[in-house]
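Residue-level structure breakdown
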Amino acid sequence: MSRTTPASSRRTALLSACTVLVAAAGMAAVLPTGAQAASLGCSVNYQTNDWGSGFTATVTVSNAGTSAIDGWALTYDYSGNQQLSSGWNGAWSQSGRTVTVKNLDWNRTIAPGGSVSPGGQFTYSGTNTAPTAFAVNGTACTGPGAPSPTGSPSPSPTTTPPPSGGKADNPFAGAKLYVNPEWKAKAAAEPGGSAVANTSTSVWLDRIAAINGVDGGMGVRAHLDEALRQAGGQPLAINFVIYDLPGRDCSALASNGELGPTELDRYKSQFIDPIATIFADPKYASLRITTVVEIDSLPNLVTNSGGRPTATPACDTMKANGNYVNGVGYALSKFGPISNVYNYIDVGHHGWLGWDDNFGATADLLAQAAQASGSKLEYVTGFISNTANYGALKEPYYSIDDSVNGTSVRQSKWVDWNRYVDELSYAQAFRSRLVTAGFSPGIGMVIDTSRNGWGGAARPSGPAAKTSVDAYVNGSRTDRRIHLGNWCNQAGAGLGERPKAAPEPGIDAYLWVKPPGESDGASSAIPNNEGKGFDRMCDPTYTGNVRNGNSMSGALGNAPLAGHWFSAQFQELLKNADPAL
Ligand code: BGC
């Protein structure tokens, strides 16, 4: 999955004559409904994503009065050394400890019942205590139901209260992460595997039968029941990959699926509807259920159709019949309204969409899909990059801004005019572009770090000499693939960052979405009843195609079908883990 193409949180403040509330620290402070309903005034909801030395804050100001607020200036004070770096959805400034946010032209009016959500990014050291008092146009927001400014302590910045009356901004923040017992058992049975067996990995729903469990395995209810047990009354996030679109995996063969290109109705009624019914069971309401909706599909429509050299007939078909767009929209429309379900859509990875002609077009198509089949943009919590791919999270020894003797690294064979050299910079940039495409400024990104560690003996220990751009890039890069477009069972790869909430600005979590040790595809043709084909990108003797610069595939040999356990790969990932185990 995840093919390449060659070069070529939050919520609000207010008012006119108001008062009201709040304060809260932490990742998600949600105001009591009663406060919002107060006839006088305003309410403020302050939320942060904190990574220890910095944070983003979203301050949602709601007009709880009966007349519009025309022009607003929000003010509040920090008690520590929080320092503003940048802001959005408002004109942000800071003087000493006082932060002021003024409206922009487009959001100067807050209708009764309406809100605005300016956000800012800050650095700090020491303790990041949330502000306890807010004012709009000089009038304090201190209303009914508000905690007294000197009252009970704010929640810890690393704890997110369970959503009350709304979704958490970042569902992973302050939550335990579900450990899939089936993956855990396979990992623990491997030599050395117990070091990682308790790590959270995602649950893949890759066929209709997976809903009830394949061959006696755990189905969706079994996983959710186990998730309740693991939660023990605490917040817990469990991630499902929703992966059964009609005509699945149109640019490759390894993960073709069970539904033909025209079977959208079956996808809706036999796959999405039953999953949504289970997710909506009140028994599971305390869980944070996250979804990764249909990886690879929408990016494939952008890069692998429409007369490009990389186009495939199958992707042209799926573009023409609209079933990817409508299928994704339908899934979002069913899961989005469920109050404890959080949708993330796939944005490929930097080695696929990091070129100018792919990047914006994909963001716009995602916005289209998120409004198809009855879906709304607000049903999307965020996006995921690098699912089942191998792109390095951070390239520590070179950057896209480097040049060698006046020649940009973008001109190197490896970078090949891409705008990014790693997944973190790509995901953060994509987040901004998605906001431009119409998504909420509160969206967050997830990065699959299951197999992008690139540690081990072949890892460079510093930048290479600047003798030529190619020598510099090739000697400095930690991603040791033969070509950035290689995606199947990559030799030399290692386990990446362990799953973690809010690790960087704009990033909701690092997750292990592709379960390490599960194959990307068979290295030779294997008859099967899963719809899976044989893709030569998984054959180590293959000399490549236009999508990988006609390079060797870099795949490990003797691989089983996609999704099946591949012990040799698991061992390779353990050996090359970075951070090391
Ligand atoms: C396969 C799926 C599998 C998933 C996770 C995909 O490549 O097509 O069947 O569930 O990987 O391993």
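Residues numbered from 1 in each chain as written. Predicted model: local features only at pLDDT ≥ 70, side-chain atom pairs only at ≥ 80, totals over all residues. Heavy atoms only, no water.

On to the overall build of the protein. Of the regular secondary structure elements, the protein holds 12 helices and 23 strands. Across the 581 residues in the protein, those meeting the buried criterion constitute 59%. As presented, the protein carries roughly 20,300 Å² of accessible surface, and 52% of it is formed by carbon and sulfur atoms. (Helix = DSSP H or I, 4+ residues; strand = E, 2+ residues; numbered from the N terminus. Buried < 20%, exposed > 50% of the residue type's maximum accessible area, 1.4 Å probe, protein only. Areas by Shrake-Rupley, 256 points an atom, 1.4 Å probe, with all protein chains shown as cover.)

Quick look at the state of the cysteines now. Inspection of every chain in the model, using the stated rule, returns 3 disulfides. Across the disulfide from C488 sits C538; the S-S distance is 2.1 Å. Around the S-S axis, the bridge from C488 to C538 shows a dihedral of about 95° and counts as right-handed. Here C538 lies in the loop between β23 (507-511) and α12 (567-575) and C488 lies in the loop between α11 (469-476) and β22 (500-504), a separation of 50 residues in the sequence. Overall, the relative accessible area of 0% leaves C488 in the buried class. Taken N- to C-terminal, the disulfide-bonded cysteines of the protein are connected 1-2, 3-4, 5-6. (Disulfide = S-S within 2.5 Å.)

A separate point is the packing of helix α7 (residues 323-335) against helix α9 (residues 356-369). Direction vectors running N to C along α7 and α9 enclose 55°, while the axes themselves pass 8 Å from each other. In terms of orientation, α7 and α9 fall into the oblique class. For the pair α7 and α9, contact is made by V325, V328, G329 and L332 and by L365, Q368 and A369, respectively. Across the contact of α7 with α9, the residue classes break down as 5 nonpolar, 2 polar and no charged. (Axes fitted to C-alpha atoms, helices over the stretch in contact; angles between N-to-C directions. Parallel < 35°, antiparallel > 145°, perpendicular 65-115°, else oblique. Contact = heavy atoms within 4.5 Å. Nonpolar A, V, L, I, M, F, W, Y, C, P; charged D, E, K, R; others polar.)

Across the sheet, 5 strands lie side by side as β6-β7-β4-β11-β12; this open sheet has antiparallel pairing. In this open sheet, the two strands that pair with only one neighbour each are β6 (91-95) and β12 (139-140). Direction of pairing for strand β4 (residues 73-77) relative to strand β11 (residues 134-136): antiparallel, over a ladder of 3 bridges. When the bridges of β11 are listed, L74 appears paired with V136. (Pairing = 2+ DSSP bridges.)

The residue N550 is located in the loop between β23 and α12 in this model. Along the primary structure N550 and G485 are separated by 65 residues, whereas in three dimensions their C-alpha atoms are 9.8 Å apart. In this view, N550 contacts T543, G544 and N545; residues no more than four positions away in its chain are not counted.

On to the UniProt feature "binding site: substrate" (unreviewed entry) in the protein. This chain's UniProt record puts "binding site: substrate" (unreviewed entry) on W204, D206, H349, W352, N389, W487, K514 and E518. In this fold, H349 is placed in the loop between β17 (341-346) and α8 (350-353). Using a relative accessible area of 2% as the deciding quantity, one classes H349 as buried. Setting aside its immediate chain neighbours within four residues, K514 contacts W204, A388, D448, S450, R451, S519, D520 and G563. (UniProt positions renumbered as here; feature names shortened; annotations may be inferred.)

Taken as a whole and judged by the stated rule, the model has 23 aromatic pairs. Between W204 and Y243, the aromatic rings sit 5.4 Å apart at their centres with planes inclined by 85°, giving edge-to-face as the arrangement. A residue pair is termed long-range when its members are at least 10 positions apart, and W204 in strand β14 (residues 203-205) and Y243 in the loop between β15 (236-242) and α4 (264-279) qualify at 39 residues. Note on accessibility: W204 and Y243 belong to one class, buried. Judged by centre distance (5.3 Å) and plane angle (45°), the rings of F240 and F279 are tilted. Taken together, the residues span a long stretch of sequence, with F240 in strand β15 and F279 in helix α4 at a distance of 39 residues. Among the residues examined, F240 registers a relative accessible area of 0% and is labelled buried. Following the ring pairs from residue to residue traces out a cluster consisting of Y46, F55, Y76, Y78, W92, F122, Y124 and F134. The ring centre of Y342 lies 5.7 Å from the NZ or CZ of K167, which sits over that ring. (Phe/Tyr/Trp six-rings, centres within 6.5 Å; stacked < 30°, edge-to-face > 60°. Lys NZ or Arg CZ within 6 Å of the ring centre and 35° of its normal.)

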